[in-house]
Every structure is written in C-alpha cells, then in structure tokens.
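# Results of the structural survey
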Amino acid sequence: MSINQPVSRQKSESKDTPRRALITGITGQDGAYLAEFLLEMGYEVHGMVRRSSTESFDRIEHIHGHIELHQADLLDQLSIITLISDVRPHEVYNLAAQSFVPTSWLQPLLTGEFTGLGVTRVLEAIRLVDTGIRFYQASSSEMFGAVDEEPQTEATPFYPRSPYGVAKVYGHWITVNYRESYDIFACSGMLFNHESPRRGKEFVTRKVSDAVARIKLGVQDSLSLGNLDAARDWGYAGDYVRAMWLMLQQDKPSDYVIATGEKHTVRDLVELAFNHVGLDWQKYVCTDPKLLRPAEVNKLRGDATKARNELGWRPEVDFPSLVRMMVDADLERVEREINEQKL
Ligand code: NAP
Ligand code: F7E
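Residues numbered from 1 in each chain as written. Chains lettered and ligands numbered in written order. Predicted model: local features only at pLDDT ≥ 70, side-chain atom pairs only at ≥ 80, totals over all residues. Heavy atoms only, no water.

### Brief notes about the site of ligand 1
Threshold: We call a residue near a given molecule or strand whenever any one of its heavy atoms falls within 4 Å of it. In the analysis that follows, any N or O atom pair within 3.5 Å is treated as a polar contact, provided that within protein one partner can donate a hydrogen and the other can accept it, and provided that, for residues neighboring in sequence, both atoms belong to side chains. Here the Shrake-Rupley method, with its probe set to 1.4 Å, supplies the accessible areas, and only the displayed protein chains count as covering residues.
The immediate surroundings of ligand 1 are formed by 24 residues, with T27, D30, R50, S99 and Y164 found nearest. At 2.8 Å from an oxygen atom of ligand 1 is found a main-chain nitrogen or oxygen belonging to D30. Contact distances for ligand 1 include 3.2 Å between an oxygen atom and a backbone N or O atom of A97. Across the complex, the protein chains shield 88% of the 900 Å² of accessible surface that ligand 1 would expose by itself.

Here's what the structure looks like:
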C-alpha cells in the first residue's frame, strides 16, 4: 500500500469541499470500521501509520484505494505537527494507543508514552496548527477500574487498575483540559469493550472465537484462559465508531459513556461460543494461572443514557449475535486457511 509523501495542501475551500478526517490508529480494529463509516458519509479519509519493517494493513486492505496514508508516530511530536498541517483535517480521531492491558504491565513506560503522552502530542499539534479542528479521544472503561458504583456513568470516579488504565485517565483529563484551556472542540469517548471479527487475537473474545473455530475444524485441541469470572460490558465495534462521529457533530463538545448496559462473564462468552458450534466447552477449556492479571477489573457495566439522549446513539448488535458473528467469521477464515494449506 502506498504512503503519501508530505505535500502542502491548498487551504481554500468551497462549500462542496468534502469534510476531511484524520484517524490515528487506522490499522487497528476501530480505525478500520471508522474509516469505512466516514467514507460512507462522504469524508476524505486520511490515516496515520507508523513505520514497520513488515506492513500490517490487513484490516484496511479493502479500502486502500479510497484513503490516504501518512507516516507519523505518536512518539514523534514533529511528525504529528507536520501531518496535521499537511492534511488540515476538520476532524481528528485519536485511536492510536498501546491498547492491550497485560502488555501495559510489561511495558508501563512505553504505554504511558503512547497511550498517555501521545494524546498531548496530538492536542499540541492541533493547538499550533488550527484550534478549529475537532478532536476525538479514545478513552476507556478501564479508567473506572476497581469501581464501587454500578453501572458507571460520566460522573463515576476513576480508579484505574493497570498502567494502561492510568495512561487513559491522563489522556482523558488532558483532553478535558485542552477543551477548557484553549476552547478546542475536544471530546472524550469512554467506550466499554467493543469487539468484532477484526479484533486482535490476543483479546479474550477473539481468542475464544478463533479457538472455537480451530477446535471445531480439528486443528486445535484445547483453549487456555485466565479469569473466567471477569465480567465485561461487550458491544460491537461497528456500532461504537458511529458514536465517535456523532460526538464531533454536536453544537458543544462533551464526554460520553458508550456501552450496552449489560455485562457477561468470560464463562458466559465461552459457553455461548462453544454452544454455537455444538460443542461442550467444559471438555476443551482449561485455566492457566499465568493468564491472571496482577490486578483485575471485575464489574464493568456502562450506562449510556447521556449518549442516547444527546447523540441519539444506541447499540444495534446484542451480545449473543456478536459472539455468533465472530465465531462464524473465524470458521470461514480457518476453513479457507485449511483449504489453502496454510494450517
Ligand atoms: P488496536 O486494534 O490495538 O489498534 C491500535 C492502533 O494504534 C493500531 O493502528 C496501531 O498501529 C496504532 N499505534 C500504536 N502505537 C502507535 C504509535 N506509537 N504511533 C502510531 N500508531 C500507533 O485498538 P482498537 O481496539 O482499535 O482501539 C482503538 C482505541 O480505542 C485505542 O486507543 C484503545 O486503547 C481504545 N479503546 C478500545 C476499546 C476496545 O474495546 N476496542 C475500548 C475502549 C478504548 P499498528 O498497526 O502499527 O500496531
Ligand atoms: O480482557 C479476561 C481478562 O484482554 C477481558 C481493550 O480493548 O477493553 C479491552 O481491555 C477480560 C479480562 O480486554 C483471558 O482478565 C480471561 O478481565 O479482552 P481483554 P480488556 O482487558 O477488558 C478495554 C475497554 C480497553 O480499553 C482495552 O484497550 O477477559 N480474560 N482469560 C482474558 N483476557 C485475555 N486477553 N486473555 C485470556 O486468556
């Protein structure tokens, strides 16, 4: 896939000029869904990608002729300033982050740099280039952590339980601070877990759907998991990117919880996924203490009333449909890989 060299963009615009959006983290799960959604809405879509010796653009392969990619890195302030002044987006969606919670204990400083300070670098670039650019920050239910209150709302106090959660709290407050200090239209979306067939295979939903497909098709024997009692409020990523866009179309910037309002345990997830292919999960699943976390988050469930009332947002895919969608997609992919003798 080609990556654009820096070019200075004409700043003159007519009312027919399409809206321009810049997505950091466009190669990730949410970035791919958001890029598709914005293209459907008639946007000119730009994506920030970091340099790697092996390109991993699988999630956006199907739209590559319709988006423009630019090299920059959350660690490199000047690269972000240059990118924003070249593209001159109307909207910036900051989705890039080190997003896997267990890695945040292994690499707490890097997680702080990407997931925390990276937000300030994007906001600083907006402040320098054009404070009229609207900004979305990908905040997380992990900020609530060891919470007392259930369900969690925009007013629930934060108690993060991982270096990732701590970095996201910083990202949230710096977004609020730049809104209040510089009058930037900056919104923080406090999104609860959202999944899809494009979810990374290290996250529990995809780890389970992939294993169920492989066990069903005879290329895997068992599945090792950590805490089966952990509960999450799981929604569908395709629904959640719509909420990100809606936040930036309002008259005033604000922060919103985005969630389904229902929680399920990892055990429920496993049971649903194995049942879908007619297998008894208890014959295949074992637990491994090495997969337990140093500090767990047990009762995350969001209340998205504010988003429903102000944005008109509600989720469309329920949890059982999401699990079936993910298992079906993995069955199809694993079968294809077996036929192509990749497995
Ligand atoms: P993801 O699949 O892990 O994608 C993360 C993206 O960030 C990838 O495109 C990655 O690029 C990019 N990235 C990481 N470090 C970077 C750096 N230094 N410079 C530039 N790009 C970098 O995550 P996701 O599930 O789509 O989540 C999107 C955002 O929402 C993240 O900020 C995440 O923390 C947050 N969030 C996610 C959820 C959820 O349930 N999915 C819930 C709440 C909040 P590479 O492809 O090069 O690795
Ligand atoms: O874990 C339990 C694990 O890694 C969910 C990120 O997108 O959502 C995500 O973070 C639960 C945890 O997601 C395994 O202990 C059991 O309680 O799928 P996960 P996460 O940590 O909730 C939030 C909102 C984000 O912001 C993050 O970026 O599942 N669990 N056994 C397991 N988890 C994994 N990964 N692997 C297991 O074997």
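That covers the picture; the talk isn't over yet.
### A look at the domain arrangement of the chain
The condition is simple: An automatic or database domain assignment is the source of the domain bounds shown. Throughout, a residue-residue contact means that at least one pair of heavy atoms, one from each residue, lies within 4.5 Å. Buried area is calculated as the accessible area (1.4 Å probe) missing from two parts once they are joined, with the contributions of both summed. Salt bridge criterion: a side-chain nitrogen from Lys or Arg within 4 Å of a carboxyl oxygen from Asp or Glu. Put simply, DSSP H or I for four residues or longer makes a helix, DSSP E for two residues or longer makes a strand, and each gets a number counted from the N terminus.
Examined at the domain level, the chain breaks down into domain 1 (20-195 + 234-258) and domain 2 (204-232 + 263-296 + 318-342). Taken together, the contacts link eleven residues of domain 1 with 16 residues of domain 2. For the pairing of domain 1 and domain 2, the buried interface totals around 1,200 Å² over both sides, and the portion due to carbon and sulfur atoms is 64%. R232 is the partner of E142 in a salt bridge, and the nearest nitrogen-oxygen pair spans 3.6 Å. At the junction of domain 1 with domain 2, the criterion picks out three residue pairs in polar contact (both at pLDDT 80 or more). Within the residue set of the side of domain 1 that touches domain 2, elements represented by two or more residues are α3 (101-106) and β10 (235-236). Sort the elements by how many residues they give to the side of domain 1 that touches domain 2 and α3 lands first, with three residues.

### Regarding the environment of Y159
Mapping Y159 onto the fold places it in the loop between β5 (134-140) and α5 (163-182). Measuring from C-alpha to C-alpha, the distance between Y159 and H194 comes to 21 Å, with 35 residues separating the pair along the chain. Apart from the residues within four sequence positions on either side, Y159 is in contact with M143, F144, G145 and A146.

### Looking at the site of ligand 2
Cut-off, in case you're wondering: When residue character is reported, Ala, Val, Leu, Ile, Met, Phe, Trp, Tyr, Cys and Pro are called nonpolar, Asp, Glu, Lys and Arg charged, and the others, Gly included, polar.
The immediate surroundings of ligand 2 are formed by 22 residues, with S99, S140, Y164, R293 and E296 found nearest. For ligand 2, an oxygen atom lies 2.9 Å from a polar atom in the side chain of R199. At 2.9 Å from a nitrogen atom of ligand 2 is found a main-chain nitrogen or oxygen belonging to E202. With the chains in place, 95% of the 700 Å² that ligand 2 exposes on its own is no longer accessible. Of the residues contributing to the shell around ligand 2, the split by class is nine nonpolar, six polar and seven charged. If you count residues domain by domain, the shell around ligand 2 takes at least three from each of domain 1 (20-195 + 234-258) and domain 2 (204-232 + 263-296 + 318-342).

### Overview of the packing of aromatic side chains
Defined as follows: Here a Phe, Tyr or Trp ring, Trp counted by its six-membered ring, pairs with any other such ring whose centre lies within 6.5 Å, and the pair is stacked when the planes are under 30 degrees apart, edge-to-face when over 60, and tilted otherwise. Exposure is judged per residue with a 1.4 Å probe applied to protein chains only, and the accessible area is read against the type maximum: over 50% gives exposed, under 20% gives buried, and values in between give partly exposed. We call a charge positioned above a ring when the Lys NZ or Arg CZ atom is no farther than 6 Å from the ring centre and deviates by at most 35 degrees from the ring normal.
According to the stated counting rule, one finds eleven aromatic pairs in the structure shown. Seen in terms of ring centroids, F274 and Y284 are 5.8 Å apart; in terms of plane orientation they differ by 10°. Their pairing is stacked. Residue F274 is found in helix α8 (residues 266-276), and its partner Y284 is found in the loop between α8 and β13 (285-287); the two are separated by ten residues along the sequence. The class for F274 is buried, based on a relative accessible area of 0%. Residue classification places Y284 among the partly exposed positions, given a relative accessible area of 22%. Ring pairs connect the aromatic residues F144, F158, W173 and F192, which therefore count as one cluster. Of note, R198 hangs over the ring of Y33, and the distance from its end group to the ring centre comes to 4.1 Å. The lysine or arginine in question, K306, covers the ring of Y256, its NZ or CZ lying 4.7 Å from the ring centre.

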